[in-house]
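Report on the structure
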Amino acid sequence: MRPSISVWARARAPSAAEAAARRRPLKRSRAGLPAGAEPRVYPRIARRCLLVFGAGALLLVPSRPVRAQVIGEAVELERTGRHDRAAVVYLAVLRGEPTNLAALLGLERVLPPLGRLRELLPLVRRALARDSTNRAFRALEVRTLATLNEPDSAEDAARRWIALAPGDEGPYREWALALADARRFDEARAVLVAGQRALGGSRAGALAVELADLAARRGDWEDAARQWGRAATAAPDQLPNAAAQLADVAPGQRDRVTRALVEDPSPVAQRLGAELLLAWGDPARAWAVFEPAVTAAGSPQAAFALRRFADLAGARGTPEGRRVRALALARLADVVPQPVAARARADAARALLDAGDFAAARPVLERLAVDSTAPADAQALANTALVEALIRQDDLDAATARLAAVGDRVPADDRAALGRALVRARIRRGELARADSALAGDSSVDAAALRGWVALYRGDLKAGADEFRAAGPYAGERRDAVERTAMLALMQQVRRDRFPELGDALLTLARGDSIGAVQALRLTAGQLTAEGQRGGAAELLLLAGRIAARPGAGPEEQRTAATLFAEVVRIGGGGGEGTGAAAPAAELEWARLLLRQLQALDAVRHLEHLILSYPESAVVPEARRELERAKGAVPKS
């Protein structure tokens, strides 16, 4: 009988020529290559030889680094779908090293697509004969037998493993997972429960994660929640993972899930229930569950839990979520030392402000602002937030006094920003003189923008336009720049240096009186019409119509808006200087109003008229988009 390649490779000693070749580099001519061949050809030759000679090629170079490189080559073959070639390489490695785990796992991946998984079993048992305590080999045996649909043999393999390592979770886990993959869920659960009983005394929470995953696969989310509660109780760092796994529970099962956790005696399980309530949009109930649960925890654990809960509540982005964030931060301040406590209280007050609870935020901020033990940055934050709270409560005199008293405890830029916020609040209250006085000496572009509004509300259109131009496009936020640009365009159409009635109308709008602003703008438009300024009148009526048609306006205001838009279109249709831009804009707004009123056919008519009558208008692209939307809303006959 002819010896195998592997036997030949072991028995045959290298010839003298071969030994010399190993000592000297192979030349291109001896390799049968042209003299100009690239050196990078040699790796390709090596790979091709490996595939051709299989085990013999490997055994000629049996060093560990080379075997690792060969495994890498096999993985690449596997990745490109050449499973048969990868199997050849993995088998070759195992001939030289029967306990090579990477090669065994590689065969576990590539043999099933080839229909040859049964070839793996003797190789696994040979590895176990060499190393019977290896957990990876034991797990591989159980998985292979289960995949080969030999459940009795898989059970025997698992029980041999249990007998060998009675305190190990691995046998139960692998056995159960193999059963679950075969959709034998009840048997898998029985195995895991038996494992818990066997390990329970020494391993709290053993196999709870596996039981939770299995319950989820079965659709039993209540049991999954109980098991996740056990797992998190045994290992609190599992809590974020548990919350993420349970967050997608269907709404119909959420009550049972939260009840299973809230009624659990473990505070960690209760915290998990609170986090789920928070994720499902019930911050108030979440805090009611969370607060007593976290009180039972030790200070380091409680601090971490409170910080996490506060961050989760703030991420909800709702007023109630922000309020719960504030409660968690205030509680955090009670369990951490300074300076962290002071900063937590400042953050809590800021969250109360964001939630709109100014009354609750104010005493917290006042106490922190005078706390000499608080760090400087926490005091600055408290003073800044306190001034903001006073402004939001419309207590402007107290805000002014507080801002004057903080001195250097608040950075100069923050003081300037607070001062401008005070000016805006004065303007909204109609206290134009005090606002103007507060801006004295401020040469910033933001101050120029505010002086422009003060001048405009006083009716000094020329001074207002000059200040807006001085402010440029960079003062304030982008929305502020857009509003100033719109006002400049309006003042150019009005063509007056002073117009007190228009200033009063715009101030009425700034103070939040939309109905009064619409009436005042109609009166000012009438004055311009009497003077023959049809362009200015059309712009004022367009502004009044937009105010009346704002989202949420009542039926009477919407009727007023339609009347105003119709009047602007009529003025523009009659021609005249400066009326061309207002008319198509009014018709576009009119169509949008009709779409909100579900009058799609009328909206289509107006949009088509706009596009045909004003083809050069800047609003035509928007009108075309609205026309497509309107046509999609027309019922099919």
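What counts as what
- Residues numbered from 1 in each chain as written.
- Predicted model: local features only at pLDDT ≥ 70, side-chain atom pairs only at ≥ 80, totals over all residues.
- Heavy atoms only, no water.
- Helix = DSSP H or I, 4+ residues; strand = E, 2+ residues; numbered from the N terminus.
- Buried < 20%, exposed > 50% of the residue type's maximum accessible area, 1.4 Å probe, protein only.
- Contact = heavy atoms within 4.5 Å.
- Areas by Shrake-Rupley, 256 points an atom, 1.4 Å probe, with all protein chains shown as cover.
- Axes fitted to C-alpha atoms, helices over the stretch in contact; angles between N-to-C directions.
- Parallel < 35°, antiparallel > 145°, perpendicular 65-115°, else oblique.
- Left-handed = near helix turned anticlockwise from the far one by under 90°.
- Nonpolar A, V, L, I, M, F, W, Y, C, P; charged D, E, K, R; others polar.
- Phe/Tyr/Trp six-rings, centres within 6.5 Å; stacked < 30°, edge-to-face > 60°.
- Lys NZ or Arg CZ within 6 Å of the ring centre and 35° of its normal.
- Core = buried A, V, L, I, M, F, W, Y, C linked by side-chain atoms within 4.5 Å.
- Salt bridge = Lys/Arg side-chain N within 4 Å of Asp/Glu carboxyl O.
- Expected span 1.5 Å × (residues − 1).
- pLDDT = per-residue confidence, 0-100.
- Arc of directions from axis to C-beta.
- Polar contact = N/O pair within 3.5 Å; in protein donor to acceptor, adjacent residues only side chain to side chain.

**Observations concerning the overall build of the chain**
In terms of helices and strands, the chain carries 36 helices and 0 strands. Across the 637 residues of the chain, 43% fall into the buried class. Within the chain, contacts between residues at least 6 apart in sequence are counted, and of these 51% link residues at least 24 apart. Here the chain has roughly 32300 Å² of accessible surface; of this, 53% comes from carbon and sulfur atoms.

**A few points about the packing of helix 24 (residues 396–406) against helix 25 (residues 412–428)**
In contact at an axis separation of 11 Å, helix 24 and helix 25 are set at 165° when each is read in the N-to-C sense. The pairing of helix 24 with helix 25 is recorded here as roughly antiparallel in orientation. The chirality of how helix 24 crosses helix 25 is left-handed. Counting all contacts with helix 24, which are made through Leu-396, Asp-397, Ala-399, Thr-400, Leu-403 and Val-406, the residues of helix 25 involved are Arg-415, Leu-418, Gly-419, Leu-422, Ala-425 and Arg-426. The class makeup of the residues in the contact of helix 24 with helix 25 is 7 nonpolar, 2 polar and 3 charged.

**Overview of unusual backbone geometry**
Of note in this structure, Arg-495 is not a glycine but carries a positive phi near 55°. Considering the arrangement of structural elements, one finds Arg-495 in the loop between helix 29 (478–494) and helix 30 (500–510). Despite not being glycine, Leu-598 has its phi angle at roughly 65°, a positive value. Turning to its location among the elements, Leu-598 is positioned in the loop between helix 34 (582–596) and helix 35 (600–613).

**Observations concerning the packing of aromatic side chains**
Tallied over the full model, the rule gives 5 aromatic pairs. Ring centres 5.0 Å apart and planes at 65° place the aromatic pair Trp-453 and Phe-468 in the edge-to-face group. Linking Trp-453 in helix 27 (residues 445–457) with Phe-468 in helix 28 (residues 461–471), this pair joins segments that are 15 residues apart in sequence. Under the relative-accessibility criterion, Trp-453 is labelled buried at 17%. Residue classification places Phe-468 among the buried positions, given a relative accessible area of 3%. One aromatic cluster in this structure is built from Trp-287, Phe-290 and Phe-309. Arg-496 extends its terminal NZ or CZ atom over the ring of Phe-499, reaching a point 4.1 Å from the ring centre.

**A closer look at the environment of Val-568**
Tracing the sequence through the fold places Val-568 in helix 33 (residues 555–573). On the accessibility criterion, Val-568 (1% relative accessible area) is buried. Along the primary structure Val-568 and Leu-542 are separated by 26 residues, whereas in three dimensions their C-alpha atoms are 6.5 Å apart. If sequence neighbours within four positions are ignored, Val-568 has contacts with Ala-538, Leu-541, Leu-542, Ala-582, Ala-583 and Ala-586.

**Focus on the nonpolar core**
Counting 65 residues, the largest nonpolar core has Ile-427, Leu-456, Met-487, Met-491, Leu-502 and Leu-521 as its most contacted members. When near neighbours in sequence (up to four residues on either side) are disregarded, Met-491 contacts Leu-456, Leu-461, Gly-464, Ala-465 and Phe-468. Grouped together as the second largest cluster of nonpolar side chains are 51 residues, Ala-333, Ala-344, Leu-386 and Leu-403 included.

**As for the pattern of salt bridges**
Per the counting criterion, the structure on display carries 49 salt bridges. Residues Arg-350 and Glu-388 are paired through a salt bridge, measuring 2.5 Å at the closest nitrogen-oxygen approach. With Arg-350 in helix 21 (residues 340–354) and Glu-388 in helix 23 (residues 376–392), the pair connects residues that are 38 residues apart, well separated along the chain. Note on Arg-350: relative accessible area 23%, which makes it partly exposed. Residues participating in the shared-partner salt-bridge network are Asp-394, Asp-397, Arg-426, Arg-429, Glu-431 and Arg-434.

**Here's the deal with helix 18 (residues 283–295)**
End to end, helix 18 covers 18 Å across 13 residues, agreeing with the expected 18 Å (1.5 Å per residue, within 8%). Every buried residue belonging to helix 18 is among Pro-283, Ala-286, Trp-287, Val-289, Phe-290, Ala-293 and Val-294, and all of these are buried.

**With respect to the packing of helix 9 (residues 135–147) against helix 11 (residues 170–181)**
Between helix 9 and helix 11, the least distance of the axes is 9 Å, while the angle of their chain directions is 20°. As summarised for this structure, helix 9 and helix 11 are arranged roughly parallel, according to the angle between their axes. The handedness of the crossing between helix 9 and helix 11 is right-handed. Packed against helix 9, whose contacting residues are Arg-135, Ala-139, Val-142, Arg-143 and Ala-146, the element helix 11 presents Gly-170, Glu-174, Trp-175 and Ala-178 at the interface. Partitioned by chemical class, the residues of the contact of helix 9 with helix 11 number 5 nonpolar, 1 polar and 3 charged.

**Some thoughts on the confidence of the model for the chain**
Mean pLDDT over the chain works out to 82, with 86% of the residues at or above the 70 mark. The low-confidence segment residues 1–62, where pLDDT is below 50, has 41 contacts with residues more than four positions distant or belonging to other chains.

**Digging into helix 16 (residues 254–262)**
Inspection of helix 16 places Val-257, Thr-258, Ala-260 and Leu-261 among the buried residues, and these make up the whole buried set. For helix 16, the angular spread of buried residues about the axis comes to 155°, placing them on one side. Against the buried residues of helix 16 lie helix 14 (221–234), helix 15 (239–246), helix 17 (267–279) and helix 18.

**Points about the side chain of Glu-174**
Mapped onto the elements, Glu-174 comes out in helix 11. Judged by its relative accessible area of 17%, Glu-174 falls in the buried class. Once residues lying within four places of it in the same chain are set aside, the contact partners of Glu-174 are Ala-139, Val-142, Arg-143 and Trp-161.

**Regarding the side chain of Arg-426**
Turning to its location among the elements, Arg-426 is positioned in helix 25. The class for Arg-426 is buried, based on a relative accessible area of 5%. Engagement of the side chain of Arg-426 in a polar contact is seen with the side chain of Glu-431, the distance being 2.8 Å. What Arg-426 contacts, discounting residues up to four positions off in sequence, is Leu-396, Asp-397, Thr-400, Glu-431, Arg-434 and Ala-435.

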